[in-house]
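# Observations on chain architecture
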Amino acid sequence: MQNIKGSILSGYLNTIPNVPQVQLIGHGHLTNYHGIPDVTLKHGHHSSFHRTRIPPEEEQNPSNGVTPTRFFRWHMDAALYDLSPPKVTTLYGVRVPHGPKQVVWYGDQTGTGIGDELPVPLGTTAFVSGKTAFEILPPALKSVTIRARAKYAPKPFAWIKDAKAMSTGLGIVSEGLEKNFDELEDWDEAKVKTYPFLWKNRITGALHFMVHPCAISEIFIDPLPAQVTARDAHMYPDGAHITDLKEVRTLVHQMQRPAIAPNLVYPHDWNEKDLMVFHNRGVMHTVVGLFREDDLRVFHQCNLAATDEPTGPSEEDKLRILGA
Ligand SMILES: [Fe+2]
């Protein structure tokens, strides 16, 4: 299992002692729960992770009566170091607080404020499709995406422990707050992960844009194959190795932001005893919402590292997308 000590995940995950594959997540205080004598669960509030925050007075007394919130952190469940990304995540709603709808403020037009808006059920888990994320890209970005690989930082969630996220929860603000790699506890280059931007569904053949925007540190882009003649129409025709973190994040954000447009997000409206089984190599998801102090939310989460790695696009896929 993933060692999350000293990482951005350590405040949110509690292991159930007799079934350590299952994590207890949620919000509120529990006693004598499946062998855990006493625990206070913490639902991520964006102010703990984002560079900017919704003004507290607006959260407490919203001017139009609807509590504003944000996407906390878009991700797939994966350590992105040593272990292979789980294929499936299960989420089981044991206790689900009910309350009025809230509204996600994207806030990325000005860095703060409202921007795009999406009404969401209280405490939703929001999803977007990696397949759609790829398919809606313009040809120039599809060309980059299909040739690109993401190199993730060693122990990426410890690396960004002090860094802050964008208001959309879609990646990190580049302001130099990442740890230096040599400050991270003993890590091994052989365990560092590099994955294609596109993960191929082996059953449908579909290509899913699956890049963890917070964990990526470098991009490799292959040169165009010789069969492609109209080379000027493509970005990075001769390939590239992008190591400037700001440039890496700017490019990834340009590619991923269209996929979280309000009309493309599925915010699940949880009921108690809902069991969600989702394709963790095909969709991205995020925690959303603001709970009151006395709200109790109890969820079980289980995912297991896979025994194989994600597969990228085939040579035929590349030639088809590149129009060769
Ligand atoms: Fe997750």
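Below is a summary of the structure that appears in this document. From a predicted model like this one, the values you see are computed outputs, not experimental measurements.

## Re the overall build of the protein
Scanning the protein from N- to C-terminus turns up 6 helices and 18 strands. Counting across all 324 residues of the protein, residues that qualify as buried make up 40%. The contacts in the protein between residues at least 6 apart in sequence include a share of 75% that link residues at least 24 apart.

## Details of the sheet that holds strand 9 (residues 148-152)
Backbone-to-backbone hydrogen bonds pair the strands of a sheet. The strands run either parallel or antiparallel. With antiparallel pairing, 4 strands are arranged side by side in an open sheet as 10-9-13-14. Looking along the sheet, the strands with just one partner apiece sit at the ends: strand 10 (194-196) and strand 14 (240-242). Neighbour-to-neighbour, the strand axes of this sheet turn through a mean angle of 20°, independent of strand direction. Both strand 9 and strand 10 contribute to a ladder of 3 bridges, which runs antiparallel. Residue pairing for strand 10: Lys 151 is matched across the bridge by Thr 194. Relative to the sheet, helix 5 (residues 245-256) contacts strand 13 (216-221) and strand 14, its axis offset from that of strand 13 by approximately 75°.

## Digging into the sheet that holds strand 4 (residues 68-69)
Ordered by their spatial adjacency, 3 strands build an open sheet running 4-6-7, and the pairing between neighbours is mixed. Both edges of this open sheet fall to strand 4 and strand 7 (117-120), since each of them pairs with a single strand only. Across 4 bridges, strand 6 (residues 102-105) lies against strand 7 in antiparallel orientation. Across the sheet, Val 104 pairs through a bridge with Leu 118, a residue of strand 7.

## Topic: unusual backbone geometry
In this model, Asn 32 sits at a positive phi of 50°, which is unusual for a non-glycine residue. Here Asn 32 shows up in strand 2 (residues 19-33). Of note in this structure, Asp 82 is not a glycine but carries a positive phi near 70°. Topologically, Asp 82 is positioned in the loop between strand 4 and strand 5 (88-95).

## Quick notes on the environment of Met 276
Tracing the backbone through its elements, the reader meets Met 276 in strand 16 (residues 275-279). With 183 residues separating them along the chain, Met 276 and Gly 93 place their C-alpha atoms 8.5 Å apart. Setting aside chain neighbours within four positions, we find Met 276 in contact with Thr 90, Leu 91 and His 268.

## What to know about helix 5
Taking 1.5 Å per residue, 12 residues should reach 16 Å; helix 5 reaches 16 Å between its end C-alpha atoms and fits that length. Looking at the buried positions of helix 5, the neighbouring elements they touch are helix 2 (130-135), helix 3 (139-147), strand 12 (207-209), strand 13 and strand 14.

## Details of the environment of Leu 296
Among the structural elements, Leu 296 can be located in the loop between strand 17 (283-287) and strand 18 (297-303). On a C-alpha basis, the gap between Leu 296 and Ile 54 in space is 23 Å, while along the polypeptide they are 242 residues apart. Among residues more than four places away in sequence, those in contact with Leu 296 are His 27, Gly 28, Arg 95 and Pro 97.

## Re the environment of Leu 30
Its location among the elements puts Leu 30 in strand 2. When the 19 C-beta atoms within 10 Å are taken as the criterion, Leu 30 is described as partly exposed. Along the chain, Leu 30 and Val 19 lie 11 residues apart, while their C-alpha atoms are 18 Å from each other.

The rules behind the values
Residues numbered from 1 in each chain as written. Predicted model: local features only at pLDDT ≥ 70, side-chain atom pairs only at ≥ 80, totals over all residues. Helix = DSSP H or I, 4+ residues; strand = E, 2+ residues; numbered from the N terminus. Buried ≥ 20, exposed ≤ 12 C-beta atoms within 10 Å, placed from the backbone. Contact = placed C-beta atoms within 7 Å. Pairing = 2+ DSSP bridges. Axes fitted to C-alpha atoms, helices over the stretch in contact; angles between N-to-C directions. Expected span 1.5 Å × (residues − 1).

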